[in-house]
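Survey of secondary and tertiary structure
Residues per chain are reported as follows:
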Amino acid sequence: MSEDLRQKLERCSRPPQLCQCPQFKCSRHVRSSIQRSSKSSPQPPVSLSSLLVTSIWHQHHLPTRWSWSAFVSEAPQQSARENIFREGTQKSQPEAMAHSKVILKILFSLCVWSFVIIGLFKMHGTNLVPQEYQQVPLSGRILLQKDMRYAETTSTTTDHFDPSEILVDNRTAMDDDQLVRDVESRIPSLPIAYWSKNKNFLQQKSSTCAKYPSIFELEFNNIYWQTLRTTNGTFQLFGAYYDIRRTSLLGPTVRILGMIDRIEPKVKTYCQFWFDGQKEPFIVKTFEYKYIWYNKWGNYKQGIYQPYLIACQIPKPFHGVVPSSVSMVEKECDTATNNLRVIYNRPPDDQKKGFAVCVKGLDFLYDDLSVRLIEWIEMLNILGADKIYFYNLQVHPNITKVLSHYEQEGKVQVIPLTLPGGQPNVPGFQHLYLTKKTNHKRQNEVIPYNDCLYKNLYLYDYIALLDIDEVIMPKGNAVLWSELMAKVRPESRKFKPDGFHSYNFRNVYFLDDQQHEHGWHKDIPKYMHMLQHVHRAKNYTKPNQYVKCFHDPERVLTLHNHFPLSCLGGVCKSYPVDTQDAQLQHYRADCVKTLKKSCEEYRENSVEDKTIWKYKDELIRRTIKALDTLGFFRRSGLGSGSGSSSGLGATTHSTER
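As a starting point, this report considers the structure included with it. In this text, all values refer to a predicted model and were calculated from it rather than measured experimentally. (Residues numbered from 1 in each chain as written. Predicted model: local features only at pLDDT ≥ 70, side-chain atom pairs only at ≥ 80, totals over all residues. Heavy atoms only, no water.)

Moving on, we get to the packing of helix H12 (residues 429–436) against helix H13 (residues 438–455). For the pair H12 and H13, the least separation of the axes is 5 Å and the interaxial angle reads 105°. In terms of their interaxial angle, H12 and H13 are classed as roughly perpendicular. Residues Tyr433, Leu434, Thr435 and Lys436 of H12 form the contact with H13, whose participating residues are Thr438, His440 and Lys441. (Axes fitted to C-alpha atoms, helices over the stretch in contact; angles between N-to-C directions. Helix = DSSP H or I, 4+ residues; strand = E, 2+ residues; numbered from the N terminus. Parallel < 35°, antiparallel > 145°, perpendicular 65-115°, else oblique. Contact = heavy atoms within 4.5 Å.)

Take empty space enclosed by the protein next. Scanning the model with the defined rule gives 4 cavities of 30 Å³ or more in all. Its boundaries defined by the atoms lining it, the largest cavity holds a volume of some 120 Å³. Taken together, 14 residues line the largest cavity, and the ones lying closest to its centre are Leu393, Leu417, Leu419, Asn444 and Glu445. Counting residues per element, the ones that place at least two in the lining of the largest cavity are strand E11 (353–364) and H13. Counting residues per element, the lining of the largest cavity draws most heavily on H13, at 5 residues. Along the lines of polarity and charge, the residues of the lining of the largest cavity split into 8 nonpolar, 3 polar and 3 charged. (1 Å grid on protein atoms, 1.4 Å probe; cavity = no way out; pocket = protein on both sides within 12 Å on 5 of 7 lines; lining within 4 Å. Points joined across faces, edges and corners; volume = space filled by probe spheres on them. Nonpolar A, V, L, I, M, F, W, Y, C, P; charged D, E, K, R; others polar.)

So, on to the side chain of histidine 405. Secondary-structure assignment places histidine 405 in helix H11 (residues 397–408). Those residues within four positions of histidine 405 in sequence are excluded, and the remaining contacts are Thr629 and Leu630.

Spatial strand order, E15-E23-E17: 3 strands in an open sheet with mixed pairing. Of all strands in the sheet, those with a lone pairing partner are strand E15 (470–474) and strand E17 (507–511), marking the two edges. Each strand of the sheet is rotated relative to its neighbour by a mean of 35°, with strand direction disregarded. The pairing of E17 with strand E23 (residues 582–588) spans 5 bridges and is parallel. If you follow tyrosine 509 over to E23, its bridge partner there is histidine 586. (Pairing = 2+ DSSP bridges.)

Before going further, it helps to examine the state of the cysteines. Linking two cysteines covalently through their sulfur atoms gives a disulfide. Tallied over the full model, the rule gives 4 disulfides. With its sulfur 1.9 Å from that of its partner, cysteine 271 forms a disulfide with cysteine 312. With the S-S dihedral at roughly 55°, the linkage between cysteine 271 and cysteine 312 falls on the right-handed side. Of this pair, cysteine 271 sits in strand E5 (residues 270–274) while cysteine 312 sits in strand E8 (residues 306–313); the two residues are 41 residues apart in sequence, bridging distant segments of the chain. Residue class for cysteine 271 comes out buried when judged on its relative accessible area of 0%. Distance from the sulfur of cysteine 549, which forms no disulfide, to the nearest cysteine sulfur (cysteine 567) is 9.9 Å. (Disulfide = S-S within 2.5 Å. Buried < 20%, exposed > 50% of the residue type's maximum accessible area, 1.4 Å probe, protein only.)

Direction vectors running N to C along helix H10 (residues 370–383) and H11 enclose 25°, while the axes themselves pass 9 Å from each other. As the angle between them shows, H10 and H11 are arranged roughly parallel. For the crossing formed where H10 meets H11, the hand is right-handed. Residues Ser370, Leu373, Ile374, Ile377 and Glu378 of H10 form the contact with H11, whose own contacting residues are Asn398, Ile399, Val402, Leu403 and Tyr406. (Left-handed = near helix turned anticlockwise from the far one by under 90°.)

Right, let's get into the environment of leucine 559. When you line up the elements, leucine 559 lands in strand E20 (residues 556–559). A relative accessible area of 0% means that leucine 559 is categorised as buried. In this structure, leucine 559 is in contact with Ile292, Val446, Asn450, Leu453, Leu465, His551, Pro564 and Leu565, ignoring residues within four places of it in sequence.

The next point concerns the nonpolar core. In this structure, Trp376, Phe390, Trp481 and Phe550 are the most contacted members of the largest nonpolar core, which totals 65 residues. Ranked by residue count, the leading element in this core is H10, at 9 residues. In contact with tryptophan 376, not counting residues within four places along its chain, are Val357, Val359, Ile388, Phe390, Leu466, Asp467, Ile468, Asp469, Glu470, Val471 and Met530. Counting residues in hydrophobic clusters, the runner-up holds 62 residues, among them Tyr308, Ile343, Leu459 and Leu565. (Core = buried A, V, L, I, M, F, W, Y, C linked by side-chain atoms within 4.5 Å.)

With 5 of its 5 residues buried, E17 lies for the most part within the structure. Burial along E17 is two-sided: Asn507, Tyr509 and Leu511 facing one way and Val508 and Phe510 facing the other are all buried.

What the 7 strands build is an open sheet, ordered E13-E12-E11-E14-E19-E16-E22; its pairing is mixed. Unpaired on one side and paired on the other, strand E13 (412–416) and strand E22 (574–576) mark the two borders of the sheet. Ignoring which end each strand starts from, the neighbouring axes of this sheet average 25° apart. Note: E11 against strand E12 (residues 385–395), 8 bridges, orientation parallel. Along E12, the bridge assignment pairs aspartate 363 with glutamine 394. The strands that H11 touches are E11, E12 and E13; relative to E13, the one it contacts most, it runs at about 130°. Across the face of the sheet, H13 comes into contact with E11, E12, E13 and strand E14 (460–465) while running at roughly 155° to E11.

Now for the side chain of asparagine 198. Take asparagine 198: it is sitting in helix H9 (residues 192–202). By relative accessible area, which is 9% here, asparagine 198 ends up buried.

Right, let's get into the packing of aromatic side chains. To describe a pair of aromatic rings, one takes the distance between the centres and the angle between the planes. In this structure the tally under the stated criterion is 31 aromatic pairs. Ring geometry for tyrosine 194 against tyrosine 212: centres 5.8 Å apart, planes inclined by 65°, an arrangement best described as edge-to-face. A residue pair is termed long-range when its members are at least 10 positions apart, and tyrosine 194 in helix H9 and tyrosine 212 in the loop between H9 and strand E1 (220–221) qualify at 18 residues. When sorted by exposure, tyrosine 194 lands in the same class as tyrosine 212, which is buried. Aromatic side chains tyrosine 527 and phenylalanine 633 sit 6.2 Å apart centroid to centroid with 65° between the ring planes, which places their arrangement in the edge-to-face category. (Phe/Tyr/Trp six-rings, centres within 6.5 Å; stacked < 30°, edge-to-face > 60°.)

Attention shifts here to the pattern of salt bridges. Taken as a whole and judged by the stated rule, the model has 32 salt bridges. A salt bridge links aspartate 243 to arginine 255; the shortest N-O distance between them is 2.7 Å. Of this pair, aspartate 243 sits in strand E3 (residues 233–243) while arginine 255 sits in strand E4 (residues 253–260), and the two are 12 residues apart along the sequence. Taking relative accessible area as the criterion, aspartate 243 reaches 0% and is therefore assigned buried. By relative accessible area, which is 2% here, arginine 255 ends up buried. A salt bridge links arginine 536 to aspartate 609; the nearest nitrogen and oxygen atoms lie 2.7 Å apart. Of this pair, arginine 536 sits in strand E18 (residues 535–537) while aspartate 609 is found in the loop between strand E24 (606–608) and helix H18 (616–629), placing the two residues 73 residues apart along the sequence. Take aspartate 609: its relative accessible area is 8%, and that puts it in the buried class. Each of Lys360, Lys441, Arg442, Glu445, Asp467, Glu470 and Lys548 takes part in salt bridges that share partners, so that together they form one network. (Salt bridge = Lys/Arg side-chain N within 4 Å of Asp/Glu carboxyl O.)

Below is the structure:
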């Protein structure tokens, strides 16, 4: 643009009283100058921002008759129609033209401000079109899709993080030894360490008919079970254990725990023992199938998986040697489809601990019992439980969090569990199956009980099978389980000098509504179920009904929920502990179904029993600490020690036993 034209523009942009030429003349003169200038030399385009700023200035400083839109609309290189229109405006301005200018002015202003607003939104990374995402189950594909959509809508926010640093698991890949140890921890019954160490040696040609089965040729069932198919029934095998107890008449024996779809197996089978350093197995005939059930309890039908303990004697040349693994076959020379690691757990210093507690397969997929579980675990730890062994079917995520916490502390061990054969293991469906098929449920529970017994034969003095709503509570001066048994055991020897196989405790109900009628105790957090419920039925259930026991692992052979089913050295004998010394406190919403008639009597006749309060302060302290550590308290509330106002609910659940 020439210097002369720029000066003319500056004069015309002044207020009317300062303009050196009449307003109309000035405008026409500038337009004619622009036309001449555009013909002589091309001009650079005027930027949108320049036009916007100039337009705004003129709207505020020039009279309404002169508008910048008129100036822009009559820019150079217009069509012939526009030139005629321009000439007409120099003489007169009709009313129609005035209206068109107003419309053009409004439209132009709207466009400009629209661009400005859109630009501001883009600068701040705001998505103008909100997207609604459906809640769908997460998968790798969906997760990636969500990440891509998120990146599209927030691509301008990279100043909030470092895009070069991605938080992923950057650990190095496992080598073979690490992988073997990891698999062995997941499937304890699989002899993968022995196979990995000796696979080249075992694959050499042997003079016998039996060949060591590769772990890749085994038939697994529902992850933790291995299968033997015979001409008369199918075996689902769960674990194998080395038994050298002094009271066993069989001598050194390997006992195999599993389920068979026959009520009285008649098929002959063999055990192939594999010893470290031996290329060939030592084969023995199966000694017995011990039925872990009573016929009168039901489900005594062919085709339904029944629990058994199978015994194979170790030959004399190998007494004192623990087999590395064992396989069951129908014919001696068969290549086995199963191979179980023989478990033999002994304490490093050969000193037993006091008490282990075994909990059958947890089936609480929909019930969040996490807070009550914390109180229960802490109560048992105070009483003297050295370790609690949980078998896990399906549980609520909060229960998983609690169990993981205590497992890291070494107070519990969680063993994953499935149902064998064609029984369902799909979450939800499995829960429905176990609810409706009560006898199937009871028979399946026998497996974790006896697995827990045989894994801990040599580790503890006593083993208790408890549900998470049951506590064996010492009474009188005894505080710990060890103090209780120090009193009970000498008394029992007055009746049987060589000792009893187990010691049972009478069951008494602490029903939920018995306490609700009396209100809550203000000095105890409301969420602490056992401490709050101190009203119980006046009468105990009948002797030997719904009792729980401390079992002597040196003397019992198979266990059921309430009693030992078979024992070493003859018929099982259980000593009934006097209710003055201890009782089984059972916290339930209702009685078991078989006691419906008696339940009304229990409700109508209740007494206050504050035996548990001798542990009150310590139990509250430990429970609150665990809840705080696990993040169960609302941080916007009063804090971790706020007692009943901490925000935790006081929901009530029942565990069916």
